[in-house]
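A structural walkthrough
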Amino acid sequence: MARKNQKAPWEEDEEIIWVSKTEMKQDMLALQKLGEELVELKPAILDTFPLEDILRDAIDDAQRFKGEAKRRQLQYVGKVMRKIDPEPIEQALNKLKNKHSQVTQALHKLEELRDHIVENGDSAIAEAVEQFPEIDRQRLRQLARQANKEKQLNKPPKAYREIFQYLKELM
């Protein structure tokens, strides 16, 4: 008896996404690279990451090894990472990498606030008091006046810098 060619039961309901061998290898290498970045971190920083025990043990071993043993252990770290969700680890690593830029951005905002205080005086100081309730309004007003005098007399901007340092302490 001849059999009829029938569709498999999964063909109508599900769409299969074929992944090439190259894509799988690229994904594995990306996970291994992420593992290498984790191995480079200090143990105190690694404690803040959401790592499973088996991955943490593999990373600790890779930090101890040298040469060829380290290379093999890094491959093992990549293999372990394939079995877990790397998303929370990547987010934590990105947060750690961007910490410097976040601090820089906050300092730029303080510089803008300082410039605003020196240019606009009391109205800008009132805005600063809203932002930092513990601010000493009188001291800030005095520093702003000194900064304006220094600017008019072409003196070094000592008070201008003091305003920034005062705001930085409050932050």
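Scroll up to find the structure this text is about.
These numbers were taken from a predicted model, which means no experiment stands behind them.

Structural notes on the nonpolar core
- Ranked by internal contacts, the top residues of the largest apolar core, which has 20 residues, are I117, F132, I135, L140, I163 and L167.
- Of all the elements, helix 10 (residues 158-170) adds the most residues to this core, at six residues.
- Apart from residues no more than four positions distant in its own chain, I135 is found in contact with A128, V129, L140, Y166, L167 and L170.
- Counting 19 residues, the second-largest nonpolar core is a separate cluster that includes F49, A58, V77 and M81.

Digging into the side chain of Q32
- Note that Q32 resides in helix 2 (residues 21-40).
- Taking relative accessible area as the criterion, Q32 reaches 17% and is therefore assigned buried.
- Discounting chain neighbours no more than four positions away, the residues touching Q32 are L74, Q75 and G78.

Describing helix 5 (residues 67-82)
- Its 16 residues place the ends of helix 5 23 Å apart at the C-alpha level, agreeing with the 22 Å of an ideal helix rising 1.5 Å per residue.
- Considered for burial, the residues of helix 5 that qualify are Q73, L74, V77, G78, V80 and M81. Buried residues of helix 5, viewed axially, fall in a sector of 160 degrees; they line one side.
- Check the buried side of helix 5 and you find it contacts helix 2, helix 4 (53-64) and helix 6 (87-97).

Details of unusual backbone geometry
- At N154, a position not held by glycine, the phi torsion is positive, near 55 degrees.
- Mapping N154 onto the fold places it in the loop between helix 9 (137-152) and helix 10.

Examining the packing of helix 8 (residues 122-131) against helix 9
- Between helix 8 and helix 9, the least distance of the axes is 10 Å, while the angle of their chain directions is 140 degrees. In terms of axis orientation, helix 8 runs oblique to helix 9. Regarding helix 8 and helix 9, the two cross each other, and that crossing is right-handed. Of the residues in helix 9, those in contact with D122, I125, A126, A128 and V129 of helix 8 are R137, L140 and R141.
- Across the contact of helix 8 with helix 9, the residue classes tally to five nonpolar, no polar and three charged.

Let's talk about the packing of aromatic side chains
- On inspection of all chains with the given rule, the structure shows zero aromatic pairs.
- The lysine or arginine in question, R114, covers the ring of Y160, its NZ or CZ lying 3.9 Å from the ring centre.

Notes on the pattern of salt bridges
- Enumeration according to the criterion identifies eight salt bridges in this entry.
- A salt bridge links R72 to E68, with the nearest nitrogen and oxygen atoms 3.9 Å apart. Of this pair, R72 and E68 both sit in helix 5, four residues apart, which is roughly one turn of the helix.
- On the basis of relative accessible area, E68 is assigned to the partly exposed category, the value being 42%.
- For R114, the salt bridge goes to D115, with nearest N and O atoms at 3.5 Å.
- Beyond isolated ion pairs, a larger network of salt bridges with shared partners links D47, R56 and D60.

Looking at the packing of helix 2 against helix 6
- One can describe the packing of helix 2 onto helix 6 by two numbers: an axis separation of 11 Å at closest approach and a directional angle of 50 degrees. For the element pair helix 2 / helix 6, the angle class is oblique. Crossing handedness for the pair helix 2 and helix 6: left-handed. Within the contact between the two elements, helix 2 uses L34, E37 and L38 and helix 6 uses I89, E90, L93 and K97.
- A breakdown of the residues in the contact of helix 2 with helix 6 according to their chemical character gives four nonpolar, no polar and three charged.

How each quantity is defined
- Every chain is numbered independently, its residues counted from 1 as its sequence is written.
- Predicted model: local features are reported for residues with pLDDT of at least 70 only, side-chain atom pairs are reported and counted for 80 or more only, and whole-chain, interface and lining totals are derived from all residues.
- For the side-chain quantities, the full set of heavy atoms in the structure was used; hydrogens and water were omitted.
- Put simply, a nonpolar core is a bunch of buried Ala, Val, Leu, Ile, Met, Phe, Trp, Tyr and Cys residues held in one set by side-chain atoms that sit within 4.5 Å of each other.
- Any residue under 20% of the maximum accessible area for its type is buried, any over 50% is exposed, and the rest in between are partly exposed; the area is computed with a 1.4 Å probe on protein chains only.
- Labels follow the DSSP assignment, with helices taken as runs of H or I lasting at least four residues and strands as runs of E lasting at least two, numbered in each case from the N terminus.
- Contacts are assigned to residue pairs that have any heavy atoms within 4.5 Å of one another.
- One less than the residue count of a helix, multiplied by 1.5 Å, gives the span that helix is expected to have.
- Arc definition: directions from the helix axis to the C-beta atoms.
- Angles shown run from 0 to 180 degrees and are taken between the N-to-C directions of axes, each axis being a line fitted to C-alpha atoms and, for helices, limited to the stretch in contact.
- In what follows, roughly perpendicular refers to angles from 65 to 115 degrees, roughly parallel to angles under 35, roughly antiparallel to angles over 145, and oblique to any angle outside these ranges.
- By the definition used in this description, the sense in which the near helix is turned from the far one sets the handedness, with an anticlockwise turn below a right angle giving left-handed and a clockwise turn giving right-handed.
- Ten residue types, Ala, Val, Leu, Ile, Met, Phe, Trp, Tyr, Cys and Pro, are classed as nonpolar, four, Asp, Glu, Lys and Arg, as charged, and the remainder, Gly among them, as polar.
- For Phe, Tyr and Trp, where Trp contributes only its six-membered ring, two rings pair if their centres lie within 6.5 Å, and the inter-plane angle classes them as stacked under 30 degrees, edge-to-face over 60, or tilted in between.
- To sit over a ring, a charge needs its Lys NZ or Arg CZ within 6 Å of the ring centre and within 35 degrees of the ring normal.
- Salt bridges are identified by distance alone: a Lys or Arg side-chain nitrogen within 4 Å of an Asp or Glu carboxyl oxygen.

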